[in-house]
Each structure stands twice: as structure tokens, then as C-alpha cells.
Amino acid sequence: MWWILYRKIIDRLRSYVEIFPHASLMESQGGILDFGTVVHTDMADGPFSVVLVCEHASNRIPEYLGDMGLSADALQSHIAWDPGALAIAKLMAERMQAPLVHGGVSRLVYDCNRPPEAAGAMPVRSEDYQIPANADMSDQERKSRIEGIYKPFIAALAGLIADNRTALELMVTIHSFTPVYHGQRREVELGVLHGVDDRFAQAMMVSTPDDPPFVIRLNEPYSAADGVAHTLDAQALPHGLLNVMIEIRNDLIQTPEQQEAMADCLVPWIVQTLAELKKGGAA
Ligand SMILES: [Zn+2]
């Protein structure tokens, strides 16, 4: 009977999901939606005091969505991901011996730095682009993306935090932004952003590197008011972890040399800020 075969295939796919929890397959009205690997965790062996997160690391679109109705250029651009952010996050993870949780799917499919109820979680529009695949989405499709992308992402991060809560002190999220937005050139090169808990961001601004190699600003080019502090507030705050979001202008981290220079700036700055806060009893 065809349905016995169908059930067997579903069961086989379910066991695949259990064996590889970061690979997400969802049942939908239209059949099985294969999201592929939606979250990666590098260097998860603790104990460690810092966890790094890069929600917008990938511009990968799951195969079933095709090109989402967008051009190849749009899918390579900052609307689909944060160019350069993963390279920086990996360099920082290596130097700080910190684990890194990074997304495996484009933010156009699901933006893991947004809660499901936010309009930007599955955006219908991003800057000048309409996102055809996100217009008139069925409730089922919406639910599948939440269950298949967002929930495994936050579960991976929450699991890592829970396993290492005793040693863990700080969460740093790494992002990049476009130099020109809606035709306006952005002057800020490195943004230090905070959510509800501003302790670490404020401390970083007090201990900026001497003769800073970049234009550093607090809460630019975005702030929590733009809804960008979701991971910090939802994942770090409940555990009392110090937390900060780093936004880097993406023209400054295109080459390996630029990426090294950015890590050279950020790593000692963050490590020193944490040490100073600990001395003061904040962590
Ligand atoms: Zn980002």
C-alpha cells in the first residue's frame, strides 16, 4: 500500500532528524519541507566564559524555496545575510577559545534574531526588495519555518548555555551592516549595541582601544528600538549573562587581512572589558 511506504519514509526522516538534531525536516501540507542544517555549533567543549553567536552567518536558501523570487545579486547581498560576519566570528572563537553558534539559513527565510511574532522574522520586504516567497505565506508555511529553523537555533544556543552556565559570563553576537543604506553613506564603522542590559556595551565604550582604528559608536547604526536585541534579551538576559551585540561595516571585513585586523581590535578589547567588569564584581 502506498501509504505504508509513505509512513516508512516519514519515520525514516524522523529518525534522521533525531540523529542529526541540527538538520531540520518539517511535515507540511505540501509534504516534507527540508530546511537542511539550520544551526551549526563550533567548539562546544567547555568550560568557557564567553559564547559567540552569529545569527545571520549564511545566505543559504533551502532547496524547496528555489530563489524565493529574487535575483542572484539580491541573494548575495546584505539583505540575505551579514557578509563577513561569520569569518570574524570564527576568528574570534578561535582566539578566545569560545564556542560559536551560527545560523545555517538566510534571514530572508527566517531571521533568527527576531521572535516569531515580529514582522521582520519572515520579511515581506527588505530595504528596496520585495520578497515574493514571503508574500501571502500560509499559516502552515509560517509555522514550519518557526519550528524548523528558529526553534532548533534557539534550542542549540539554550542547550549550550545550560550545559556551561557555571563558567559562562558573556554572550557576544556578531553582525555586519551595509555601508550605504537607502542611499545614505554610514559613517559608523563599528557599532556596540545593547538590549535591556547595557553593562557590557557601556563598559566597552569606556575602554575603547587607544587611538581606535575604526569609528566606534554606541547603538549605531541600529539600536534595540529597531528590534535587533532579541537574541541578547531572550537568551542572555534570563541567565544574567553579560551581553553585547557587535555591528561591523561590511566593507571593512571583505578580505582575510581586513578580517584579521578587525579581530585584532575586537578580541583584546572584549577580553579586557570582561576582566575589568569581573574585577568590579559585575560578572
Ligand atoms: Zn545581522
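Note that the coordinates shown come from a computational prediction; the quantities given were computed from them, not determined experimentally. (Residues numbered from 1 in each chain as written. Predicted model: local features only at pLDDT ≥ 70, side-chain atom pairs only at ≥ 80, totals over all residues.)

Caption draft 1: Structural view of the overall build of the chain. A tally of helices and strands in the chain yields seven helices and 13 strands. What you see for the chain is a C-alpha radius of gyration of 19 Å, in line with the 19 Å of a compact globule of 283 residues. Expressed as lengths along the three principal axes of its C-alpha atoms, the size of the chain is roughly 70 × 45 × 35 Å. Taken over 283 residues, the chain has a buried fraction of 40%. In the chain, the proportion of contacts linking residues at least 24 apart, taken out of those at least 6 apart, comes to 79%. (Helix = DSSP H or I, 4+ residues; strand = E, 2+ residues; numbered from the N terminus. Rg over C-alpha atoms; globule rule 2.2 N^0.38 Å. Buried ≥ 20, exposed ≤ 12 C-beta atoms within 10 Å, placed from the backbone. Contact = placed C-beta atoms within 7 Å.)

Caption draft 2: Focus on the nonpolar core. Of all hydrophobic cores here, the largest spans 72 residues; its most connected members are Leu52, Cys54, Ile88, Ala89, Met92, Ile149 and Val172. Broken down by element, the residue count for this core peaks at nine residues, all from helix α3 (residues 85-96). If near-sequence neighbours (up to four positions away) are discounted, methionine 92 is found in contact with Leu52, Ala263, Leu266 and Val267. (Core = buried A, V, L, I, M, F, W, Y, C linked by C-beta atoms within 7 Å.)

Caption draft 3: Quick look at the packing of α3 against helix α7 (residues 256-279). Taken N-terminus to C-terminus, the directions of α3 and α7 make an angle of 50 degrees; their axes are 9 Å apart at the nearest point. By the angle between their axes, α3 is oblique relative to α7. As α3 runs across α7, the sense of the crossing is right-handed. Taken together, the residues of α7 that come into contact with α3 (itself represented by Ala87, Ile88, Leu91, Met92, Arg95 and Met96) are Gln259, Glu260, Met262, Ala263, Leu266, Val267 and Val271. Taken together, the residues that form the contact of α3 with α7 break down as 10 nonpolar, one polar and two charged. (Axes fitted to C-alpha atoms, helices over the stretch in contact; angles between N-to-C directions. Parallel < 35°, antiparallel > 145°, perpendicular 65-115°, else oblique. Left-handed = near helix turned anticlockwise from the far one by under 90°. Nonpolar A, V, L, I, M, F, W, Y, C, P; charged D, E, K, R; others polar.)

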